[in-house]
Structure formats: structure tokens, C-alpha cells
Amino acid sequence: DAGITQSPRHKVTETGTPVTLRCHQTENHRYMYWYRQDPGHGLRLIHYSYGVKDTDKGEVSDGYSVSRSKTEDFLLTLESATSSQTSVYFCAISGPGDTGELFFGEGSRLTVL
Amino acid sequence: AQSVTQPDIHITVSEGASLELRCNYSYGATPYLFWYVQSPGQGLQLLLKYFSGDTLVQGIKGFEAEFKRSQSSFNLRKPSVHWSDAAEYFCAVGAPYSGAGSYQLTFGKGTKLSVIP
């Protein structure tokens, strides 16, 4: 299994509070991704990173920011959480050969009250 | 932009029966295609992938999928389903993503498989 660790795995917070989710990899892969998973929507890309300090937006990036100061860590921040951001968040890294094959973390379940 | 359609939201089969999960994609060139499986409370695990070559690809857990360019399909099959196959299955298409030099995956909305003992 790919070495991907997400933290926290579960979090309950209130509307308007900041939240940071962390993804840590031990594979030294260049590309890292944050997806959200919601019933009826499958997985949707929030942001991705193609190197240290190199990030770009995905299809549902509004309300989210990311940072990558080290190869192994990719942080997802909700500056002011809203109930619509209640979701399960998955971090992923690209497999070898850069063909788009992804390896996923176990997910972080976020509930915004 | 690429897209993926999984027409079946939920499928129920009896244990030992055959299975086919449908996936249709939209992409202008030859895509990279993937099937992932997600057990409850878990992340996604790669079942199989198609990049090029033989259009019938074998994956883990006895699954296979066939790429049909003329139908823009990549259907997943298993000849005999086991109770442990109950999970949600996601088809995905990978295509080059501008600006980063990487391939990006677009996922279908998933098909939930229930297995009757």
C-alpha cells in the first residue's frame, strides 16, 4: 500500500471556523491531490499540486486553499467552513509513470454544523 | 473536457452470478481508463487500468474490463460474484491536464453493488 496518511480522520466543527486537513506521503511522489466525495456526485477534484509550492485549482476549488511547503505534505484549508463543505475528503498521489493512476488515503470525514 | 457516465446507481446480484458494470466516457483522444473499488469507510483501491494495447484487461480480485472505442465504453465484468465484492465501484478517465504536465482523473458518480447471499 502507498504510504499516505490523512489527519484528522474525523472532525466536527462549526460554521465559520477555519479547518486544515493534512495529507502526508512517504512515496516521494511529485503529484498530490485533494478530492471531496459526496453522495450522488462521486469524487470531485478540489486542488492539486505538481511540486513544492506549485498548486492549481480543480473543479470545486471555491472556499478552499492549499499549500505544499514540502514534498511529503499537502494541506487543505477551509478558511471559514460552511455546511456545504460537510463531506469526506480524500488525498491522493499519482502512481509511477504519471499516467493519472492514483493511490488514495483513507479519507477525512468533516462535519460542519 | 472529459466526462464519465455510470448509468447504474445501484445493482443487486446474487452470489455466484455474473456481473457487468457499465461505464461510458467522453474524451476526444484515446484515454487512460480506470476502475476503482471502495469498501465502506475506506479509500479507493485500483482494480484495473487500460492505457493501450489489448482491449481486454485483467485486474485484481478476478475482475476484467473491456475497452470498446466504437462505443466509448469500458465495462467491468466478473464471472462469479462473491459476497465480499459488495462495494461501490468507480470508473475514471485520465486525460492530460494543461498547466501541470500531469494526467488528471475524472470520476463517474459510482455504482453501488449489493450481493445477495
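Everything here concerns the structure above.
All of these numbers come straight from a predicted model, not from anything done at the bench.

1. What to know about the overall build of chain A
In terms of helices and strands, chain A carries 0 helices and 11 strands. Against the globule reference of 13 Å for 113 residues, chain A gives a C-alpha radius of gyration of 13 Å, in line with a compact fold. Seen through its C-alpha atoms, chain A measures out along the principal axes to roughly 40 × 30 × 25 Å. Buried positions account for 52% of the 113 residues belonging to chain A. Only carbon and sulfur atoms are counted for the fraction: they give 47% of the accessible area of chain A, which is about 5,100 Å². Between the mean site of the 11 positive side-chain charges and the mean site of the 14 negative ones, chain A shows a separation of 4 Å.

2. Details of the interface of chain B and chain A
Taken together, the contact pairs 24 residues of chain B with 24 residues of chain A. A combined buried area of about 1,800 Å² lies between chain B and chain A, and 51% of that area is made up of carbon and sulfur atoms. Seen at the junction of chain B and chain A, the total is 1 salt bridge. Among the ionic pairs, Lys49 of chain B bridges to Glu101 of chain A, the shortest N-O distance being 2.7 Å. Scanning the region where chain B abuts chain A turns up 4 residue pairs in polar contact (both at pLDDT 80 or more). Sorting the residues of the side of chain B that touches chain A by element identifies strand S5 (32-38), strand S6 (44-50), strand S10 (87-97) and strand S11 (102-107) of chain B as the ones contributing at least two each. With 5 residues, S11 of chain B is the largest single contributor of residues to the side of chain B that touches chain A. Of the residues that constitute the side of chain B that touches chain A, the class distribution is 12 nonpolar, 10 polar and 2 charged.

3. Considerations on the pattern of salt bridges
Inspection of every chain in the model, using the stated rule, returns 10 salt bridges over all chains. In this structure, Arg36 of chain A engages Asp38 of chain A in a salt bridge whose closest nitrogen and oxygen atoms are separated by 2.8 Å. Here Arg36 of chain A matches Asp38 of chain A in class, with each residue buried. The salt bridge partner of Arg77 of chain B is Glu64 of chain B, with a shortest N-O separation of 3.2 Å.

4. Structural notes on the state of the cysteines
Within this structure, the stated rule accounts for 2 disulfides over all chains. There is a disulfide in this structure between Cys23 of chain A and Cys91 of chain A, and the S-S distance comes to 1.9 Å. Given an S-S torsion of about -70°, the disulfide between Cys23 of chain A and Cys91 of chain A has left-handed geometry. Placement of the pair is Cys23 of chain A in strand S3 (residues 19-25) and Cys91 of chain A in strand S9 (residues 87-94), with a sequence separation of 68 residues. Cys91 of chain A carries the same exposure label as Cys23 of chain A, and that label is buried. With its sulfur 1.9 Å from that of its partner, Cys23 of chain B forms a disulfide with Cys91 of chain B.

5. Observations regarding the sheet that holds strand S1 (residues 4-7) of chain A
Strands pair in a sheet through their backbones, by hydrogen bonds, and they do so in one of two ways: parallel or antiparallel. Residue and element names in this part refer to chain A. Here 4 strands make up an open sheet; going across it, the order is S1-S3-S8-S7 and the pairing antiparallel. Two strands close off the open sheet at either side, each with one partner strand: S1 and strand S7 (65-70). Across the sheet, the mean angle separating the axes of adjacent strands is 20° when strand polarity is ignored. With 4 bridges connecting them, S7 and strand S8 (residues 73-78) associate as antiparallel partners. What sits directly across from Lys70, in S8, is Asp73.

Scoring rules and cut-offs
Residues numbered from 1 in each chain as written. Chains lettered and ligands numbered in written order. Predicted model: local features only at pLDDT ≥ 70, side-chain atom pairs only at ≥ 80, totals over all residues. Heavy atoms only, no water. Helix = DSSP H or I, 4+ residues; strand = E, 2+ residues; numbered from the N terminus. Rg over C-alpha atoms; globule rule 2.2 N^0.38 Å. Buried < 20%, exposed > 50% of the residue type's maximum accessible area, 1.4 Å probe, protein only. Areas by Shrake-Rupley, 256 points an atom, 1.4 Å probe, with all protein chains shown as cover. Lys, Arg positive; Asp, Glu negative; His and termini not counted. Charge placed at Lys NZ, Arg CZ, Asp CG, Glu CD. Contact = heavy atoms within 4.5 Å. Buried area = accessible area lost by both parts, 1.4 Å probe. Salt bridge = Lys/Arg side-chain N within 4 Å of Asp/Glu carboxyl O. Polar contact = N/O pair within 3.5 Å; in protein donor to acceptor, adjacent residues only side chain to side chain. Nonpolar A, V, L, I, M, F, W, Y, C, P; charged D, E, K, R; others polar. Disulfide = S-S within 2.5 Å. Pairing = 2+ DSSP bridges. Axes fitted to C-alpha atoms, helices over the stretch in contact; angles between N-to-C directions.

Keep in mind these numbers describe shape, not what the thing actually does.
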